[in-house]
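Observations on chain architecture
Here is how the chains run, residue by residue.
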Amino acid sequence: MVYKQRLDGRKGDELRPMEAKTKVIPNAQGSASFKIGKTWAIAAVYGPREIYPKFLANPKRGILRCYYNMMPFSGSGERIRPGSNRRSQEIAMVMTKALEPVVDLSQYPNSVVDVFVELPQTDAGTRCAAISAAAMALADAGIPMKDLVSSVAVGMADDKIIADLTYKEEHIYEFNPESLNAVVSDIPLAMIHNTKELTLLQMDGEITKEDLLKALELGQKAIEKVYAVQVKALKENFIEESK
Amino acid sequence: MSEILIEERKIVVPGEVLAIGLDYVPGENTYREEDKIFSKVLGLAAVSGRVIKITPLAGPYMPKVGDKIIGRITDIAFSGWRVDTNTAYSAMLNVKDATTRFIKKEEDLSKILAIDDYIIVDIINVTSQRLIDVSMRELGLKKIQGGRIIEINSQKVPRVIGKKASMITLIKEKTGCEITVGQNGLIWILGSPEGEAAAERAIKMIEEKSHLSGLTEQVEAFLRGGR
Amino acid sequence: MITNTKTVKELVLQNKRLDMRTFTEYRQPIEIETNISWTAEGSAKVTIGKTVVMAGVKLSLEKPYNDTPDEGGIMINAELLPLSSSEYEPGPPGIKAVELARVTDRGIREAKAIDLKALCIEPGEKAWFVTVDIISINDAGNLFDVANLATLAALKAAKFPVVNQETGSIDYKQKTGRSLPLTKEPISVTVYKIKGKLLLDPTMEEEKSAEARLTVSIDKKGTISALQKGGEGTLTIAEVGTIIDLTHEKAEELRVVLERVVVS
């Protein structure tokens, strides 16, 4: 084991500092901002509203539709060309699937609820931050939900199971001189709070079954911390101000 | 043994456990799974006897028969008008429901109600697929002329009206405005420009602080000094 | 979306507005926050009333254009996000975004606010190119003025990244202390005409009730670097004169806010 001390000094299960708030976009029915370390997601919810094109309408229930977009200046390298690409389309799809199990649109047939997530700056874990922000924005919009969804990535960097990887940890072989041959895996997760069921599970890299299960266990604990931040932010706007 | 985990007016998030045990009954915006009752929305808890319900702090308007709403004409058909209800669903206003007088077959409907006109209507029918019919035949239902229309979240409408219409009466008296509150969150204010602006700000203040106690006093203070 | 067009127009004739502001009064708050994004070379978030815009600067090294071999370049792009208003849809920029980008671009380019020659490293071979992306976060009216302020604040805050001397490539993760060659700050003020009256900083309702608008980019001395007339209505020459005076005065008020931006 060579990656003993994390590059930013965190403990293995420690998340980066989080900051969340709701009602950040007045035009939207609901909105939220979620920051974890240097990754920042802003989510806005519009709807239930009429769906276009019409043929997408489902007469049994409303449709949840997520969008994910990195702002052109939000990547750590060159400017990103604006507009949709394969990556953003896939992430939007897995985001939708991560949130659908808790959202109840049965009372809104033929309508759509749109969730737009934008990232002004990123340092890995963007789809997780996007999902955490989106779940808050949906709750802020008053959309019926059976629970909240919280999301964070776990993974392995050079034999060490860690939570909430940074860009440098995802590329540890470049940044840690002792980890040149390191195997890395990055596992974004999302979980329903009460049932502990996974609604997002992806992985990049290589990992054994034993390590994967350990990582998922660590993930469950890490996700609790995200949940606490989401709940606090959702309630904060409604706490009686001291006069 | 049943246990209640929340108190009156406590803020809860979706998925929060409200009570354990079968002695409590899930009311509006809650659901039961096994022996637990959970919240389904972000809102304020309300317990009455054994029933636990949640008053949402935001959320879409659900059209209901008997509701008075404010709508906007978006299209004119042979038999009537299409009305935007500020929801995902538009409504139909049939010619026969538009006025009490007889409308001749060849009459130009746009002379009666034109596109972009705002109207105060009652909902008279809602289907499971949310097809909505509205009517203007009752007293006080009419085309809106003059003044301004503002929008608030429909969940805040009861708060703006107040107990026995106390809040809205207060705003009307202090600003000298006529105010019509649509259940869909659209509100028509008619008065002097200054009065309208003050009423608008008071209503926005209620929308923002609807969860707080002592709101009537705050609104009163604002309307006394804030202009 | 509610517009209250009739009432907006009736009030204007009585020299009044829906929110009781005077015709030349901007909404409050007016706030500029810089360095909101660590991944941009410079960034800013500007709020006027309920309108919020972000802008981010990215720098790249490229071969100069053939006709200006000793100059770098600047490009301004705008994205009107569906996150910022129910009126915008996902997809490539529409004409509104294109106009916003081009008007902001002209205001800065034509004033030579960025010294493009100072961006050149090796004539004909290598120069810095500046890209500014304007992003609407909440469109509640008057995007032109807010976007221009955000662009200027982001340019002001920008620092060159470190260039690896061996490979010649940019290390975006490290910034130098060097700022962009920003020689002046031409401020845009847009005047809207409703029922023949001229007013500033419209809300969305007022914007939709306007017959015409004129965006003026103007520097401290009153030199105009861009004009853009919009809307279906017309302007008289006399009105243009009045508008220029008005914009010069207002630009100086906004300049005070912009100059308060501390760039470390």
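Reference entry: report on the structure contained in this document. (Residues numbered from 1 in each chain as written. Chains lettered and ligands numbered in written order. Predicted model: local features only at pLDDT ≥ 70, side-chain atom pairs only at ≥ 80, totals over all residues. Heavy atoms only, no water.)

**Here's the deal with the interface of chain A and chain C**
Many structure descriptions define interface size as the accessible area lost when the parts assemble. Put simply, the rule is: Residues are treated as being in contact if the distance between any of their heavy atoms lies within 4.5 Å. Throughout, the accessible surface (probe 1.4 Å) given up by two parts as they are put together, summed over both, is called the buried area. Salt bridges are defined as contacts in which a side-chain nitrogen from Lys or Arg sits within 4 Å of a carboxyl oxygen from Asp or Glu. What qualifies as a polar contact is a pair of N or O atoms within 3.5 Å, subject to a donor-acceptor requirement within protein and to the restriction that residues adjacent in sequence count only when both atoms come from side chains. Segments assigned H or I by DSSP are reported as helices when at least four residues long, segments assigned E as strands when at least two residues long, and all are numbered from the N terminus. Three classes are used: nonpolar for Ala, Val, Leu, Ile, Met, Phe, Trp, Tyr, Cys and Pro, charged for Asp, Glu, Lys and Arg, and polar for all others, with Gly counted as polar.
The interface is formed by 29 residues belonging to chain A together with 29 residues belonging to chain C. Across the chain A/chain C interface, buried area totals approximately 2,400 Å², and carbon plus sulfur atoms make up 68% of it. The interface formed by chain A and chain C includes one salt bridge. The shortest N-O distance in the salt bridge between Asp133(C) and Arg79(A) comes to 2.6 Å. Where chain A meets chain C, there are 13 residue pairs in polar contact (both at pLDDT 80 or more). For the side of chain A that touches chain C, the elements supplying multiple residues, two or more each, are β3 (39-50), β4 (63-70) and β5 (111-121) of chain A. The element best represented in the side of chain A that touches chain C is β3(A), accounting for six residues. Considered class by class, the residues forming the side of chain A that touches chain C number 15 nonpolar, eight polar and six charged.

**Structural notes on the environment of Pro14(B)**
Using the following cut-off: Accessibility here uses a 1.4 Å probe with only protein chains present; expressed as a share of the type maximum, an area under 20% marks a residue as buried, one over 50% as exposed, and anything in between as partly exposed.
Residue position: Pro14(B) is located in the loop between β2 (11-12) and β3 (17-20). Overall, the relative accessible area of 0% leaves Pro14(B) in the buried class. Put simply, Pro14(B) and Ser135(B) are 121 residues apart on the chain and 36 Å apart in space, counted from C-alpha to C-alpha. Residue contacts for Pro14(B): discarding those within four places in its chain leaves Ala139(A), Met145(A), Lys146(A), Asp147(A), Leu148(A), Ser39(B), Lys40(B), Val41(B) and Leu42(B).

**Side note on the sheet that holds strand β14 (residues 148-151) of chain B**
Residue and element names in this part refer to chain B. As a reminder, the rule being used: When DSSP finds two or more bridges between two strands, those strands count as paired. Lines fitted to C-alpha atoms define the axes, with helix axes restricted to the stretch in contact, and inter-axis angles between N-to-C directions lie between 0 and 180 degrees.
Pairing in this open sheet of three strands is antiparallel, and the strands run β14-β16-β15 from one edge to the other. One side of each edge strand has no neighbouring strand; the edge strands of this open sheet are β14 and β15 (178-181). Taken over all neighbouring pairs, the strand axes of this sheet differ in orientation by 20° on average, direction set aside. Packing of helix α5 (residues 193-208) onto the sheet brings it into contact with β14, β15 and β16 (186-190), and relative to β14 it is tilted by some 10°.

**Quick notes on the packing of aromatic side chains**
Applied cut-off: The pairing test for Phe, Tyr and Trp rings, Trp by its six-membered ring, is centres within 6.5 Å, and the orientation test on the planes gives stacked under 30 degrees, edge-to-face over 60, and tilted for anything in between.
Under the defined criterion, the tally for this structure stands at six aromatic pairs over all chains. Ring centres 5.1 Å apart and planes at 20° place the aromatic pair Tyr31(B) and Phe38(B) in the stacked group. Accessibility classification places Tyr31(B) together with Phe38(B) in one group, the buried group. Grouping aromatic residues by their ring pairs yields a cluster made of Tyr46(A), Tyr67(A) and Phe116(A).

**A closer look at helix α3 (residues 143-157) of chain C**
Stated formally: In a helix, the anticipated span is given by 1.5 Å times the number of residues less one.
Compared with an ideal rise of 1.5 Å per residue, which puts 15 residues at 21 Å, α3(C) spans 21 Å between its outermost C-alpha atoms and is within 8% of the ideal. Among the 15 residues of α3(C), 15 are classified as buried, and the element is accordingly described as predominantly covered.

**Focus on α5(B)**
Between its first and last C-alpha, α5(B) extends 22 Å over 16 residues, near the 22 Å set by a 1.5 Å rise per residue. Listed in full, the buried residues belonging to α5(B) are Pro193(B), Gly195(B), Glu196(B), Ala197(B), Ala198(B), Ala199(B), Ala202(B), Ile203(B), Met205(B), Ile206(B) and Glu207(B).

**Observations regarding the interface of chain B and chain A**
Contacts between the two partners involve 28 residues from chain B, matched on the other side by 31 residues from chain A. In this assembly, chain B packs against chain A so that about 2,500 Å² is buried in total across both faces, 56% of it on carbon and sulfur atoms. Where chain B packs against chain A, one counts two salt bridges. Run the count over chain B and chain A and you get twelve residue pairs in polar contact (both at pLDDT 80 or more). Breaking the side of chain B that touches chain A down by element, the ones donating at least two residues are β2 and β6 (36-39) of chain B. Class assignment for the residues of the side of chain B that touches chain A results in 16 nonpolar, eight polar and four charged.

**A closer look at a positive patch on the surface**
Convention followed: Patch building starts from residues that exceed 30% relative accessible area and form no salt bridge, then joins like charges within 9 Å and nonpolar side chains (Val, Leu, Ile, Met, Phe, Trp, Tyr) within 5 Å. Here the Shrake-Rupley method, with its probe set to 1.4 Å, supplies the accessible areas, and only the displayed protein chains count as covering residues. When charges are counted, neither His nor the chain ends are considered; positive counts come from Lys and Arg and negative counts from Asp and Glu. One atom stands in for each charge, and that atom is NZ of Lys, CZ of Arg, CG of Asp or CD of Glu.
Together, Lys38(A), Lys168(A), Lys173(C) and Lys175(C) line one region of the surface with positive charge. Its location among the elements puts Lys168(A) in helix α3 (residues 167-170).

**Describing the pairing of strand β10 (residues 80-84) of chain B**
Residue and element names in this part refer to chain B. Note: strand β9 (residues 68-76) against β10, four bridges, orientation antiparallel. When the sheet's bridge partners are listed, Arg 72 is paired in β10 with Asp 84. Linking β9 to β10, which pair antiparallel, is a turn of three residues. Relative to strand β11 (residues 90-94), β10 is paired through five bridges, and the arrangement is antiparallel. Bridged to Val 83 within β11 is Ala 91.

**Some points on the pattern of salt bridges**
Counted under the stated rule, the structure contains 45 salt bridges over all chains. Here Lys214(A) makes a salt bridge to Asp211(A), at a shortest N to O gap of 3.9 Å. Placement of the pair is Lys214(A) and Asp211(A) together in helix α5 (residues 209-236), with a separation of three residues, close to one helical turn. With relative accessibility at 51%, the residue Lys214(A) sits in the exposed group. The shortest N-O distance in the salt bridge between Lys184(C) and Asp219(C) comes to 3.5 Å. Highlighted residues: Lys184(C) in the loop between β8 (170-179) and β9 (187-194) and Asp219(C) in the loop between β11 (212-218) and β12 (224-230), separated in sequence by 35 residues. According to the relative accessible area criterion, Lys184(C) is partly exposed, its value standing at 31%. Salt bridges sharing partners connect three or more residues here, namely Arg6(A), Asp8(A), Arg10(A), Arg16(A), Asp123(A), Asp164(A) and Glu169(A).

**Some points on the sheet that holds strand β1 (residues 3-4) of chain B**
Residue and element names in this part refer to chain B. If you trace the four strands from one edge of the open sheet to the other, you get β1-β3-β6-β5, paired in antiparallel fashion. Two strands close off the open sheet at either side, each with one partner strand: β1 and β5 (30-33). Bridge analysis of β5 against β6 gives four bridges, and the strand direction is antiparallel. When the sheet's bridge partners are listed, Glu 33 is paired in β6 with Lys 36.

**With respect to the nonpolar core**
Spelled out, the test is: For the purposes of this section, nonpolar cores are sets of buried Ala, Val, Leu, Ile, Met, Phe, Trp, Tyr and Cys residues that join through side-chain atoms within 4.5 Å.
Counting residues in each nonpolar core, the largest one holds 96 residues, and the members touching the most others are Leu64(A), Met95(A), Leu99(A), Leu138(A), Trp81(B) and Val134(B). Setting aside its immediate chain neighbours within four residues, Val134(B) contacts Ile69(B), Val83(B), Ala91(B), Met92(B), Leu93(B), Asn94(B), Asp97(B), Val121(B), Asp122(B), Ile123(B) and Ile124(B). Judged by nonpolar contacts, the second largest core, of 68 residues, contains Phe23(C), Tyr88(C), Val103(C) and Leu246(C).

**Overview of the side chain of Thr47(C)**
All names here are of chain C. With respect to the element layout, Thr 47 can be found in strand β2 (residues 42-48). Judged by relative accessible area, which is 12%, Thr 47 ranks as buried. What Thr 47 contacts, discounting residues up to four positions off in sequence, is Pro 29, Ile 30, Glu 31 and Val 52.

**Considering the packing of helix α2 (residues 126-140) of chain A against α5(A)**
All names here are of chain A. Where we set the bar: Working definition: roughly parallel below 35 degrees, roughly antiparallel above 145 degrees, roughly perpendicular at 65 to 115 degrees, and oblique for all remaining angles. For any helix crossing, the convention is left-handed if the near helix is rotated counterclockwise from the far helix by under a right angle, and right-handed if that rotation is clockwise.
Viewed as axis vectors pointing N to C, α2 and α5 meet at an angle of 30°, and their least axial separation amounts to 10 Å. Accordingly, the angle class assigned to the pair α2 and α5 is roughly parallel. Along this stretch, α2 crosses α5, giving a crossing that reads as right-handed. Of the residues in α5, those in contact with Ser 132, Ala 135, Met 136, Ala 139 and Asp 140 of α2 are Val 226, Gln 230, Ala 233 and Leu 234. Residues of the contact of α2 with α5, tallied by class, amount to six nonpolar, two polar and one charged.

**Considering the environment of Gln218(B)**
Residue and element names in this part refer to chain B. Mapped onto the elements of the fold, Gln 218 is located in helix α6 (residues 215-225). Owing to a relative accessible area of 23%, Gln 218 belongs among the partly exposed residues under this scheme. Sequence separation of Gln 218 and Leu 93 is 125 residues, and the distance between their C-alpha atoms is 40 Å. With sequence-adjacent residues up to four places away left out, Gln 218 is seen in contact with Met 205, Lys 209, Leu 212 and Ser 213.

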